[in-house]
Amino acid sequence: MLFVTPVGPLTLGYIENNLRCQFGKTKVNKEPSKTLVNQLKKYLNGNQIDWFDVETPEGPPFAMRCWNACREIPYGETISYKDLAVRAGSPLASRAAGQAMRNNPMTILTPCHRIVSSSGKLHGYTGTTNPQSIQLKRKNYLLMLEGQTL
């Protein structure tokens, strides 16, 4: 399923039997559930969705702990990479928490856009830190959609 957003296309569906939500056009093997499609449509229309109806994806143990902790961040709120590392059980692993967010296969569904630098500013998104990049524009768009201004 392809969604059109002001910051580019967003693909939701199964790729090689794994649910993915990612910016860009990607061919999917299988469509997601109607419930999930409706939740994402509502979210992209500015409605508060507190929890998407999906399981945490498989991955390395620390990444999965980060993804689970990330999914607990309330709509419209942000935390730092350091706070995420603490919540994932490894207080000194803020860089590793950042890498887990970089490798998040389900953007929005696991709301990695809610993770910001310790200063409270945008820092990176999908591995990019250039403030003029489309990636940081996407992160900012998602935060603004949730009522955040950074």
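So, how was this worked out
- Within each chain, residues carry numbers counting from 1 in the order of the written sequence.
- Local features in this predicted model are restricted to residues of pLDDT 70 or higher, and side-chain atom pairs are both shown and tallied only at a pLDDT of 80 or more, whereas totals for entire chains, interfaces and linings draw on every residue.
- Neither water nor hydrogens contribute to the side-chain values; these are computed over all heavy atoms in the structure.
- Here, a salt bridge means any side-chain nitrogen of Lys or Arg that lies within 4 Å of a carboxyl oxygen of Asp or Glu.
- Going along the chain from the N terminus, every DSSP run of H or I of four or more residues is numbered as a helix, and every run of E of two or more is numbered as a strand.
- Throughout this description, buried means an accessible area under 20% of the type-specific maximum (1.4 Å probe, protein chains only), exposed means over 50%, and partly exposed covers the range between.
- When DSSP locates at least two bridges between a pair of strands, those strands are taken to pair.
- In this analysis, rings of Phe, Tyr and Trp, with Trp reduced to its six-membered ring, are considered paired at centre separations within 6.5 Å, and the interplanar angle assigns stacked below 30 degrees, edge-to-face beyond 60, and tilted for intermediate values.
- Criterion for a charge above a ring: Arg CZ or Lys NZ at most 6 Å from the ring centre, at most 35 degrees from the ring normal.
- What counts as an axis is a line fitted to C-alpha atoms, over the stretch in contact for a helix, and the angles between N-to-C directions run from 0 to 180 degrees.

Quick word on the pattern of salt bridges
Here is step 1 of the chain: Tallied over the entire structure, the rule returns 1 salt bridge.
Here is step 2 of the chain: Glu146 is the salt-bridge partner of Arg114, the closest N and O atoms lying 2.9 Å from each other. Here the residue Arg114 occupies a position in the loop between helix H4 (94–102) and strand E5 (115–116), and Glu146 occupies one in the segment after helix H5 (134–145), the gap between them amounting to 32 residues.
Here is step 3 of the chain: Looking at Arg114, the relative accessible area reads 3%, which means it is buried.

Comments concerning the pairing of strand E1 (residues 2–5)
Here is step 1 of the chain: Because side chains alternate across E1, one face comprises the buried residues Phe3 and Thr5, and the other comprises Leu2 and Val4, none of which is buried.
Here is step 2 of the chain: In the sheet, E1 pairs with strand E2 (residues 8–15) via 4 bridges, with the strands oriented antiparallel. Opposite Phe3, over in E2, you have Leu10 as the bridge partner.
Here is step 3 of the chain: Where E1 folds back onto E2 in an antiparallel hairpin, the turn is made up of 2 residues.

With respect to the packing of aromatic side chains
Here is step 1 of the chain: For the structure on display, the rule yields 2 aromatic pairs.
Here is step 2 of the chain: With centroids separated by 5.9 Å and ring planes inclined at 65°, the aromatic side chains of Tyr43 and Phe52 adopt a geometry described as edge-to-face.
Here is step 3 of the chain: Ring centres of Tyr43 and Tyr75 lie 6.1 Å apart, and the angle between their planes is 85°; on these two criteria the pair is classed as edge-to-face. Taken together, the positions of Tyr43 in helix H1 (residues 34–44) and Tyr75 in the loop between helix H2 (61–71) and strand E4 (79–80) put the pair 32 residues apart, joining distant regions of the chain. Taken individually, Tyr43 and Tyr75 each receive the classification buried, so the pair is uniform in this respect.
Here is step 4 of the chain: Linked through ring pairs, Tyr43, Phe52 and Tyr75 together constitute an aromatic cluster.
Here is step 5 of the chain: The lysine or arginine in question, Lys30, covers the ring of Tyr14, its NZ or CZ lying 4.7 Å from the ring centre.
Here is step 6 of the chain: A cation over an aromatic ring shows up here: Arg71 above the ring of Trp51, its NZ or CZ 4.1 Å from the ring centre.

Looking at the sheet that holds E2
Here is step 1 of the chain: A sheet is described by the order of its strands in space; here 3 strands give the open sequence E1-E2-E3, paired in antiparallel fashion. Looking at which strands have only one partner, the edges of the open sheet turn out to be E1 and strand E3 (18–23). Sheet twist, expressed as the average angle between the axes of neighbouring strands with direction ignored, equals 15°.

Thoughts on unusual backbone geometry
Here is step 1 of the chain: A positive phi is found at Glu16, a non-glycine position, where the angle reads about 50°.
Here is step 2 of the chain: Glu16 gets classed as exposed once you look at its relative accessible area, which sits at 64%.
Here is step 3 of the chain: You will see that Asn17, though not glycine, has its phi angle at about 70°, which is positive.
Here is step 4 of the chain: Of note, Asn17 is situated in the loop between E2 and E3.

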